[in-house]
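Spelled out, the chains give:
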Amino acid sequence: AQTVTQSQPEMSVQEAETVTLSCTYDTSESNYYLFWYKQPPSRQMILVIRQEAYKQQNATENRFSVNFQKAAKSFSLKISDSQLGDTAMYFCALWGSNYKLTFGKGTLLTVNP
Amino acid sequence: SAVISQKPSRDICQRGTSLTIQCQVDSQVTMMFWYRQQPGQSLTLIATANQGSEATYESGFVIDKFPISRPNLTFSTLTVSNMSPEDSSIYLCSVAGTTNEKLFFGSGTQLSVL
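Starting afresh in each chain, residues are numbered from 1 along the sequence in its written order. Numbering of ligands from 1 and lettering of chains from A proceed in the order in which they are written. Under the rules for a predicted model, residues below a pLDDT of 70 receive no local features and side-chain atom pairs below 80 are neither given nor counted, while totals for whole chains, interfaces and linings still include all residues. The basis for every side-chain value is the complete set of heavy atoms in the structure, and neither hydrogens nor water enter the calculation.

A. Geometry of the sheet that holds strand S1 (residues 4-7) of chain B. All names here are of chain B. Two strands qualify as a pair provided that DSSP identifies no fewer than 2 bridges between them. A run of H or I in DSSP becomes a helix once it reaches four residues, and a run of E becomes a strand once it reaches two; helices and strands are each numbered from the N terminus. Read across the sheet, 4 strands follow the order S1-S3-S8-S7 without closing on themselves; strand pairing throughout is antiparallel. Looking at the sheet topology across the chains shown, the edges are occupied by S1 and strand S7 (68-72). Each strand of the sheet is rotated relative to its neighbour by a mean of 15 degrees, with strand direction disregarded. With 4 bridges connecting them, S1 and strand S3 (residues 19-25) associate as antiparallel partners. By the bridge assignment, Ser5 is partnered in S3 with Gln24. The angle between two axes is taken between their N-to-C directions and runs from 0 to 180 degrees, where each axis is a line fitted to C-alpha atoms and a helix contributes only its stretch in contact.

Below is the structure:
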């Protein structure tokens, strides 16, 4: 069974600062994908960033980057130069060979002006 | 990326009735999924919608309650049957991208059952 744990229910950050959201996971598979999704109040699930487990290089997408530690089964998201529009619920998710996406409980991020 | 149109965006329904949610994709996709997000909770997979065959349901979800159709590679429906207030949730359709390396979501259906 796959599990995803997000231990920070809520976080806040000042505009223009950097924040890191934590995620740990467990899976018995050797090949899988990890994702961070953003869900603003509009409830749309927006893909923020993706990491292939077989790649050692950490994924980056503009202001978003991850710290992927495969041995520790850790997958944190760093948001640099935080913007008000980054305020949302952030979900960490694991996608295995069965193509089923397992989500963490989410972290509510608030960016303060 | 796939463009997913989900309808209705929201509905308020009476107890005991049924609601059918539609999911239309702008390209043919192999895999389509339906998720439920209960208030303040994370997403839970209801079922995988299989084209030309019966859907594959996750533990805790049954076909009589959540019948799913997938007549072709671009369209699927989820019906929430005999609704109760406990069915009040957001229901989301999702599809795997062409290389099966990303999962995209529709905008969701906010369902409230009175």
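Additional details are given in the paragraphs that follow.
B. Spatial organisation of the pattern of salt bridges. All names here are of chain A. Each reported salt bridge corresponds to a side-chain nitrogen of Lys or Arg within 4 Å of a carboxyl oxygen of Asp or Glu. Applying the stated criterion across every chain, the model contains 6 salt bridges over all chains. Residue Arg63 is joined to Asp86 by a salt bridge in which the shortest nitrogen-to-oxygen separation is 2.8 Å. Taken together, the residues Arg63 in the loop between strand S7 (60-61) and strand S8 (64-69) and Asp86 in the loop between strand S9 (74-79) and strand S10 (88-95) connect sequence positions 23 residues apart. The exposure classification of Arg63 matches that of Asp86, with both residues buried. Where salt bridges share partners, they join Arg50, Glu52 and Lys55 into one cluster. Only protein chains enter the accessibility calculation, which uses a 1.4 Å probe. A residue is then buried if its area is under 20% of the maximum for its type, exposed if over 50%, and partly exposed in between.

C. Molecular detail of the interface of chain B and chain A. Two residues qualify as a contact provided that any one of their heavy atoms is within 4.5 Å of a heavy atom in the partner residue. Taken together, the contacts link 24 residues of chain B with 18 residues of chain A. The contact between chain B and chain A buries some 1800 Å² in all, and 55% of this surface belongs to carbon and sulfur atoms. Of all residues in chain B, the largest losses of buried area upon contact with chain A belong to B:Glu101, B:Leu103 and B:Phe105, amounting jointly to 29% of the total for that side. Between chain B and chain A we count 1 salt bridge in total. For A:Lys100, the salt bridge goes to B:Glu58, with nearest N and O atoms at 2.9 Å. Two N or O atoms count as a polar contact when they lie within 3.5 Å, although within protein this holds only if one can serve as hydrogen donor and the other as acceptor, and sequence-adjacent residues are included solely when both atoms are side-chain atoms. Connecting chain B to chain A are 10 residue pairs in polar contact (both at pLDDT 80 or more). Only strand S4 (32-37), strand S5 (43-49), strand S9 (89-96), strand S10 (103-105) and strand S11 (109-113) of chain B provide two or more residues apiece to the side of chain B that touches chain A. Accessible area, probed at 1.4 Å, shrinks when two parts are joined; the buried area is that loss added up over both.

D. Molecular detail of the state of the cysteines. In this description, a disulfide is simply a cysteine sulfur pair whose atoms lie within 2.5 Å. The tally for this structure, following the rule as stated, stands at 2 disulfides over all chains. We note that B:Cys13 lacks a disulfide partner, and the nearest cysteine sulfur, in B:Cys23, lies 18 Å from it.

E. Spatial organisation of the environment of A:Lys38. Residue and element names in this part refer to chain A. Along the chain, Lys38 turns up in strand S5 (residues 33-39). The class for Lys38 is buried, based on a relative accessible area of 14%. Taking the C-alpha atoms as reference points, Lys38 and Gly106, 68 residues apart in sequence, are found 9.3 Å from one another. The residues contacting Lys38, other than those within four sequence positions of it, are Gln44, Met45, Ile46, Val48, Gly85, Asp86, Ala88, Met89 and Tyr90. Among the polar contacts listed, one links the side chain of Lys38 to the backbone oxygen of Gly85, at a separation of 2.8 Å.

F. A look at the pairing of S9(B). Residues and elements named next belong to chain B. Most of S9 sits out of view: 8 of its 8 residues are buried. Sheet analysis places S4 next to S9, joined by 6 bridges and oriented antiparallel. Among the inter-strand pairings, Tyr35 is bridged to a residue of S9, identified as Leu92. Pairing of S9 with S11 involves 3 bridges; the strand directions are antiparallel. Bridged to Ser89 within S11 is Leu111. With 3 bridges joining them, S9 and S10 adopt antiparallel strand pairing. From the neighbouring strand, Ser94 faces S10, where its bridge partner is Phe105.

G. Highlighting the environment of A:Lys70. Residues and elements named next belong to chain A. Relative to the elements of secondary structure, Lys70 occurs in the loop between S8 and S9. Lys70 gets classed as partly exposed once you look at its relative accessible area, which sits at 36%. Measuring from C-alpha to C-alpha, the distance between Lys70 and Ser97 comes to 17 Å, with 27 residues separating the pair along the chain. Here Lys70 is in contact with Tyr25, Ser30, Tyr32 and Ala53, once residues within four sequence places are set aside. At 3.5 Å, the side chain of Lys70 and the backbone oxygen of Ser30 are in polar contact.

Note that every value here comes from positions in space, so none of it alone points to a role or purpose.
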